[in-house]
Amino acid sequence: MKETIEAINQMQAAGVIGRYAIGGAVGATLYLEPAATLDVYIFVALPTTNESSLLSLAPLYDFLKSHGGRIEYEHIVVGGWPIQFLPLSNDLERAAVEQALPTEVEGVATWVLSAEYLVAIALNTGRSKDHVRIVQFIEQNAVDRNKLQAVLGRHGLTSKWQQFELKYLKETDE
Amino acid sequence: MRKRLAALSFTEKVKILEKLRDRSITLAASGLRRNEERRSTHKATTVGQHANTDIRLCECTVWEPCVCGHQPSYHCALCCLELTPEQFKEARKRGWYPSAGT
């Protein structure tokens, strides 16, 4: 992972990407017990050019390929980890990356989404595995419920959360 | 155990993730699940949720509940096979699966 993070940091220093933060299962690992995962989700701000408002991952892939990365399906493998880069697609993700927490892996600086934003994004994404992860955050008291409510409120997710609570958290809270 | 794991540093946790990833890749490449000769079948009367099916249960001498969160089924961290009812009971005694039904 050290090699992976170093490559991403180099790419950021070179201006190929803007801010970034680790999300998904690897990001959640900062707060929870480690859970098996095969890839790393990186939320990434991509610079736009004046010529086009379309975002392109091509410069990012070109950079990593020239630094030993190889493409495998939707991932690019760097330092043994398949990485999926997720360009920021809404205000929730933009705020999540802006407020990501600095941490380090084997002495290399990096950023991880906060627990509250990981939960909010998982709720917004809404796959079964996202729901499982949210329950883990709640059961392990790994999320600040007040901060979470504020994030959910700011991003129009309160009603979705209430439905989720009814369906999955009733027993946990009792 | 869960609390201890959750309290590790991010670097230590990432190392565990790498081990879990490598193990998954090794298992996927080994063809273990296709090896009929080594398959141990147990009638489902021992595990209610699998009634009327043959299932494979953990036979490890030294076993560990898996932390991967893909629950249920509750399975062994070393062989990825489902825990026996006795192992499940023992795991619960050790503080695992607090929200699981008995």
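For clarity, every value in this text was computed on a predicted model and none was experimentally measured.

The helix and strand inventory of chain B stands at 3 helices and 2 strands. N-terminal to C-terminal, the α/β element order of chain B is α-α-β-β-α. Sequence-distant contacts, at least 24 apart, represent 40% of the contacts inside chain B between residues at least 6 apart. Looking at chain B as shown, the accessible area adds up to about 6,500 Å², and 53% of this sits on carbon and sulfur atoms.

Turning our eyes to something else, we now look at the interface of chain B and chain A. Reports often express the size of an interface as the amount of accessible area lost when the parts come together. Residue-level contacts link 19 residues of chain B with 23 residues of chain A. Here chain B packs against chain A, burying approximately 1,900 Å² in sum over the two surfaces, 63% of which is carbon and sulfur. Area buried by chain B at its contact with chain A is led by Phe10(B), Leu17(B) and Arg21(B), which between them contribute 36% of it. Counting across the interface, chain B meets chain A through 0 salt bridges. Counting the contacts that link chain B with chain A gives 7 residue pairs in polar contact (both at pLDDT 80 or more). When the residues that make up the side of chain B that touches chain A are grouped by side-chain class, the tally is 10 nonpolar, 4 polar and 5 charged.

Residues and elements named next belong to chain A. Buried residues of helix α4 (residues 91-98): Leu92, Glu93, Ala95, Ala96 and Val97, and no others. The inward-facing, buried residues of α4 abut β1 (20-23), β2 (40-44), β5 (81-87), α5 (115-125) and α7 (145-154). A distance of 3.2 Å separates the backbone nitrogen of Leu92 from a side-chain oxygen at the start of α4, and that oxygen is part of Asn90.

Position of Leu57(B) relative to the elements: it lies in the loop between β2 (54-55) and α3 (85-93). Sequence separation between Leu57(B) and Thr84(B) is 27 residues, and the spatial gap between their C-alpha atoms is 5.8 Å.

Below, the discussion takes up the confidence of the model for chain B. Residues and elements named next belong to chain B. In this model, chain B carries an average pLDDT of 70, and 66% of its residues clear a pLDDT of 70 or more. Mean pLDDT across the elements of chain B bottoms out in strand β1 (residues 42-43) (39) and peaks in helix α2 (residues 10-30) (84). Below a pLDDT of 50 lies the segment residues 35-53, which in the model reaches 30 contacts outside its immediate sequence neighbourhood of four places, other chains included. Here the complex is predicted with pTM 0.71, and the ipTM for its interfaces comes to 0.80.

A word on the side chain of Gln84(A). Relative to the helices and strands, Gln84(A) resides in strand β5. Apart from residues no more than four positions distant in its own chain, Gln84(A) is found in contact with Asp39(A), Val40(A), Tyr41(A), Ile42(A), Glu74(A) and His75(A).

A few words now on the packing of aromatic side chains. Working definition: an aromatic ring pair is given by the centre-to-centre distance plus the angle between the planes. Residue and element names in this part refer to chain A. Scanning all chains against the criterion turns up 4 aromatic pairs over all chains. A centroid spacing of 5.6 Å and a plane angle of 85° characterise the contact between Tyr20 and Trp111, whose relative ring orientation is edge-to-face. Of this pair, Tyr20 sits in strand β1 while Trp111 sits in strand β7 (residues 108-112), and the two are 91 residues apart along the sequence. Relative to Phe164, the ring of Trp161 has its centre 5.5 Å away and its plane inclined at 25°; by these criteria the two rings are stacked.

Residues and elements named next belong to chain A. Within the sequence span of helix α3 (residues 58-66), burial applies to Leu60, Tyr61, Phe63 and Leu64. Angular distribution of buried residues about the axis of α3 spans 160°; they occupy a single face of the element. Close packing links the buried residues of α3 with α1 (2-13), β3 (70-72), β4 (75-78) and β5. In the stretch just after α3, Gly68 is the one whose phi turns positive, near 95°.

A few words on the pairing of β4(A). Residue and element names in this part refer to chain A. Taking every second residue as pointing to the same face, both faces of β4 are buried, with His75 and Val77 on one and Ile76 and Val78 on the other. Note that β3 and β4 share 3 bridges and pair antiparallel. Paired with Glu72 across the strands is His75, a residue of β4. What sits between the antiparallel neighbours β3 and β4 is a turn of 2 residues, in which Tyr73 has the positive phi angle 50°. Here β4 folds back onto β5 in antiparallel fashion, the turn holding 2 residues, of which Gly79 has a positive phi close to 60°.

Further remarks concern the pairing of β1(A). Residues and elements named next belong to chain A. Side chains Tyr20 and Ile22 project from β1 onto one buried face, and the interleaved Ala21 and Gly23 project onto a second face that is buried too. Judged from the 4 bridges that link them, β1 and β2 form a sheet pairing that is antiparallel. Looking at β2, one finds that Gly23 is bridged to Tyr41.

To continue, consider the pattern of salt bridges. One pass over the full model with this rule turns up 7 salt bridges over all chains. A salt bridge links Arg127(A) to Asp130(A), with the nearest nitrogen and oxygen atoms 2.7 Å apart. The closest approach of N and O atoms between Arg21(B) and Asp22(B), which form a salt bridge, is 3.0 Å. Look at Asp22(B) and you get partly exposed, because its relative accessible area is 38%. Each of Glu64(B), Glu90(B) and Arg94(B) takes part in salt bridges that share partners, so that together they form one network.

Basis of the calculations
Residues numbered from 1 in each chain as written. Chains lettered and ligands numbered in written order. Predicted model: local features only at pLDDT ≥ 70, side-chain atom pairs only at ≥ 80, totals over all residues. Heavy atoms only, no water. Helix = DSSP H or I, 4+ residues; strand = E, 2+ residues; numbered from the N terminus. Contact = heavy atoms within 4.5 Å. Areas by Shrake-Rupley, 256 points an atom, 1.4 Å probe, with all protein chains shown as cover. Buried area = accessible area lost by both parts, 1.4 Å probe. Salt bridge = Lys/Arg side-chain N within 4 Å of Asp/Glu carboxyl O. Polar contact = N/O pair within 3.5 Å; in protein donor to acceptor, adjacent residues only side chain to side chain. Nonpolar A, V, L, I, M, F, W, Y, C, P; charged D, E, K, R; others polar. Buried < 20%, exposed > 50% of the residue type's maximum accessible area, 1.4 Å probe, protein only. pLDDT = per-residue confidence, 0-100. Phe/Tyr/Trp six-rings, centres within 6.5 Å; stacked < 30°, edge-to-face > 60°. Arc of directions from axis to C-beta. Pairing = 2+ DSSP bridges.

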